[in-house]
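Structure at a glance
Chain by chain, the residues:
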Amino acid sequence: MKSADDDSIPGEREPAFPRHVAIIMDGNGRWAAERGLPRAEGHRAGTENVRGIIEACLEADVEVLTLYAFSTENWLRPREEIDALFAILSDVIDRETDELRRVGVRVRHLGSLDGVPESLAERVRYAVQATQNNDRLVLNIAFNYGSRAEIVGAVKRIVADGIDASKVSEAMISANLFTAGLADPDLIIRTAGEMRLSNFLLWQAAYAEYWCTEVYWPDLTPALFRTALKDYMRRQRRFGGLPAPTAAT
Ligand code: IPE
Ligand code: IPE
Ligand code: MG
């Protein structure tokens, strides 16, 4: 078990870091608008911010980092913005995959590649395949991801397998989601002041803790990210039960 690097919390048992952190990276457009820049520049700045957050996760021994990069609803945006975002994502995969492989990050893709331009789909498959033997940090990229569609897909597979209704279980549904085999998120961070899930990890987030900030995604520094981890460590998770006994009781 790890401990906080400086400000330990008096009177409590050693707090647990989150094993799985998921981030709804929001506010790229507003970040750009505030600077009089095109929205695509916000997406570029947002993408560049990812590296420092991955490093912070490696330092904190976070096991799984899930990043919401593009939702199935984001197809509603102007084609120009979508194309610009896809070009930026292609660049970042070309630039970063070797380094991710070197530092032990395993990339997984949550979502579908249907409708995604082949040049980008190919890069996503490459990043997944090139890093598949790594085990220091799982980096889930939720790209062309929608949680309701994910759940529908799981149900379809279970039905197609001819499973009897009496045998359907929560574990079976979890095992048929894109996140199969991974622990559920402990902490979900959303930037840019919004407080909603936007079709993200609806099933997996059943008992997640939430942390929101007004800060736009491109401005979320590793230091602020570590603050979120520390705030999480002060929370008391109950999972429907009674509070855990403290030393005083
Ligand atoms: C998040 O930033 C990135 C994506 C959804 C792709 P936005 O583009 O949603 O930024 P805002 O919410 O318009 O500021
Ligand atoms: C959620 O952000 C999706 C991603 C961060 C990729 P949006 O900006 O698309 O969410 P809404 O539309 O404000 O709920
Ligand atoms: Mg947004």
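In the block above lies the structure referred to throughout.
What comes next is a walk through the structure. Source: prediction; values computed, not measured. (Residues numbered from 1 in each chain as written. Chains lettered and ligands numbered in written order. Predicted model: local features only at pLDDT ≥ 70, side-chain atom pairs only at ≥ 80, totals over all residues. Heavy atoms only, no water.)

Moving on, we come to the site of ligand 2. Around ligand 2, the neighbouring residues are Ile24, Met25, Asp26, Tyr68, Ala69, Phe70, Asn74, Arg77, Arg190, Arg196 and Ser198. Here an oxygen atom of ligand 2 and a side-chain polar atom of aspartate 26 are 3.2 Å apart. Within the complex, 77% of the 390 Å² of free accessible area of ligand 2 lies under protein. Here the shell around ligand 2 gets 3 residues from one element, more than from any other, and that element is strand β2 (residues 64-71). Of the residues assigned to the shell around ligand 2, the class counts are 5 nonpolar, 2 polar and 4 charged. (Near = heavy atom within 4 Å. Polar contact = N/O pair within 3.5 Å; in protein donor to acceptor, adjacent residues only side chain to side chain. Areas by Shrake-Rupley, 256 points an atom, 1.4 Å probe, with all protein chains shown as cover. Helix = DSSP H or I, 4+ residues; strand = E, 2+ residues; numbered from the N terminus. Nonpolar A, V, L, I, M, F, W, Y, C, P; charged D, E, K, R; others polar.)

One can describe the packing of helix α2 (residues 39-59) onto helix α7 (residues 222-234) by two numbers: an axis separation of 9 Å at closest approach and a directional angle of 45°. In terms of orientation, α2 lies oblique with respect to α7. Between α2 and α7 the crossing geometry is right-handed. For the pair α2 and α7, the contacting residues are Gly52, Ile53, Ala56, Cys57 and Glu59 in the first and Pro222, Phe225 and Arg226 in the second. Looking at the contact of α2 with α7, its residues break down into 5 nonpolar, 1 polar and 2 charged. (Axes fitted to C-alpha atoms, helices over the stretch in contact; angles between N-to-C directions. Parallel < 35°, antiparallel > 145°, perpendicular 65-115°, else oblique. Left-handed = near helix turned anticlockwise from the far one by under 90°. Contact = heavy atoms within 4.5 Å.)

Taken together, the residues surrounding ligand 1 are Met25, Asp26, Gly27, Asn28, Gly29, Arg30, Arg39, His43, Ala69, Asn74, Arg77 and Leu85. Aspartate 26 is positioned such that a nitrogen or oxygen atom in its side chain is 2.9 Å from an oxygen atom of ligand 1. Here an oxygen atom of ligand 1 sits 2.9 Å away from a polar atom, N or O, in the side chain of arginine 39. Looking at the shell around ligand 1, the elements with two or more residues in it are α1 (28-34) and α2. Taken together, the residues of the shell around ligand 1 sort by class into 3 nonpolar, 5 polar and 4 charged.

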